[in-house]
Amino acid sequence: MRIGYTHAEYDRESEYWKDIEDAQNAQIEAQKSLPKAATNDKQIQKLNQNQINGILPQEDAK
């Protein structure tokens, strides 16, 4: 039975957990931006629909 890690094994283990942490952080960031992206999507859809109907947004009408 062997106790401990070689440097290469330790490096691989560290890299493995770093990859997992990076993936989790990326997922958290993506989830944070989802509501914002959905809101932007709805605003764009509304703007596009208004252009199709010939209606200008209030701030553009002068």
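Enquirer: Sorry, what's going on with the overall build of the chain here?
Expert: Along the backbone of the chain there are 1 helix and 0 strands. When the accessible surface of the chain is totalled, it reaches about 6100 Å², and 55% of it is carbon and sulfur.

Enquirer: It is not clear to me how the packing of aromatic side chains should be interpreted in this structure. Could you clarify?
Expert: Working definition: an aromatic ring pair is given by the centre-to-centre distance plus the angle between the planes. For the coordinates displayed, the defined rule picks out 1 aromatic pair. Between the aromatic rings of Tyr16 and Trp17, the centroid separation amounts to 5.0 Å while the plane-to-plane angle is 80°, which identifies the pairing as edge-to-face. What makes Tyr16 partly exposed here is its relative accessible area of 46%.

Enquirer: Just checking my understanding: could you explain the pattern of salt bridges for this structure?
Expert: A full pass over the atoms with the stated rule returns 2 salt bridges. Two residues, Lys18 and Asp22, come together in a salt bridge whose shortest N-O distance is 3.2 Å. Here Lys18 pairs with Asp22, and both are found in helix α1 (residues 7–53), just 4 residues apart, close to one helical turn. Across the salt bridge formed by Lys32 and Glu29, the nearest N and O atoms sit 3.4 Å from each other. With Lys32 and Glu29 both in helix α1 and 3 residues apart, the pair spans about one turn of that helix. Glu29 sits in the partly exposed class, given a relative accessible area of 46%.

Reading guide: rules and limits
Residues numbered from 1 in each chain as written. Predicted model: local features only at pLDDT ≥ 70, side-chain atom pairs only at ≥ 80, totals over all residues. Heavy atoms only, no water. Helix = DSSP H or I, 4+ residues; strand = E, 2+ residues; numbered from the N terminus. Areas by Shrake-Rupley, 256 points an atom, 1.4 Å probe, with all protein chains shown as cover. Phe/Tyr/Trp six-rings, centres within 6.5 Å; stacked < 30°, edge-to-face > 60°. Buried < 20%, exposed > 50% of the residue type's maximum accessible area, 1.4 Å probe, protein only. Salt bridge = Lys/Arg side-chain N within 4 Å of Asp/Glu carboxyl O.

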